[in-house]
Amino acid sequence: MSTSDEDLAMAAANGDANAFAALLERHYDRIFRLAFRLLGRADQAEDLTQDICLALPAKITDGVRFSYAIAGFGQLLRGGAYLGGWTFDDAIRLANTARGEDPFGYRAEAVTLMRLAQSLGR
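Basis of the calculations
Residues numbered from 1 in each chain as written. Predicted model: local features only at pLDDT ≥ 70, side-chain atom pairs only at ≥ 80, totals over all residues. Heavy atoms only, no water. Patch = residues over 30% accessible without salt bridge, like charges linked within 9 Å, V, L, I, M, F, W, Y side chains within 5 Å. Areas by Shrake-Rupley, 256 points an atom, 1.4 Å probe, with all protein chains shown as cover. Salt bridge = Lys/Arg side-chain N within 4 Å of Asp/Glu carboxyl O. Helix = DSSP H or I, 4+ residues; strand = E, 2+ residues; numbered from the N terminus. Buried < 20%, exposed > 50% of the residue type's maximum accessible area, 1.4 Å probe, protein only. Axes fitted to C-alpha atoms, helices over the stretch in contact; angles between N-to-C directions. Parallel < 35°, antiparallel > 145°, perpendicular 65-115°, else oblique. Left-handed = near helix turned anticlockwise from the far one by under 90°. Contact = heavy atoms within 4.5 Å. Nonpolar A, V, L, I, M, F, W, Y, C, P; charged D, E, K, R; others polar.

S.K.: Sorry, what's going on with a nonpolar patch on the surface here?
M.R.: Together, L34, L38, L39, L48, I52 and L56 make up a nonpolar patch on the protein surface, roughly 480 Å² of accessible area in all. Those elements that place two or more of their residues in the nonpolar patch are α2 (17-39) and α3 (42-59). For L56, the position within the fold is in helix α3. Residue L56 is classed as partly exposed on the basis of its relative accessible area of 31%.

The structure is reproduced here in structure tokens:
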């Protein structure tokens, strides 16, 4: 069974290099074709495609990753119909690894709420 792009993106956002590599393998040609249509030259399209792929890991910031955790948590509260096997543990783990700067403690409070919701569901 094939892993969905969404699952791979979540894993890549959580630092899984193999998931990121799998996403690139699936979509590299599509990125290249778009770059080629924009630039009209294969050598330039290849350079642009490589630049994009090299820049992508840096774009998976703590803020984006924490947003994924919150979005997944919201879906879990609504029944998780679109999450496959994603669980409260996954949301909590992702949120904890993506807390980054939290000067007012809001992210820590969000994790506390996730844990509370998880305990209520048991």
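Don't stop here, the text continues.
S.K.: Quick question: what am I supposed to make of the packing of helix α1 (residues 5-13) against α2 here?
M.R.: When two helices pack together, their arrangement is given by the angle between the helix axes and the distance between those axes. Relative to each other, α1 and α2 sit at 135°, their axes nearing to 8 Å. Between α1 and α2, the angle falls in the class oblique. The crossing of α1 and α2 is left-handed. Packed against α1, whose contacting residues are D5, L8, A9, A11 and A12, the element α2 presents A19, F20, A22, L23, R26 and H27 at the interface. Taken together, the residues of the contact of α1 with α2 break down into 8 nonpolar, 1 polar and 2 charged.

S.K.: Just to check I follow, could you spell out the pattern of salt bridges for this structure?
M.R.: If charged atoms from side chains of opposite charge come close, those side chains can pair. This structure, assessed with the given rule, holds 2 salt bridges. Residue D43 is joined to R41 by a salt bridge in which the shortest nitrogen-to-oxygen separation is 2.7 Å. Among the residues examined, R41 registers a relative accessible area of 43% and is labelled partly exposed. Here D90 makes a salt bridge to R93, at a shortest N to O gap of 2.9 Å. Of the two residues, D90 and R93 both sit in helix α5 (residues 88-97), 3 residues apart, roughly one turn of that helix.

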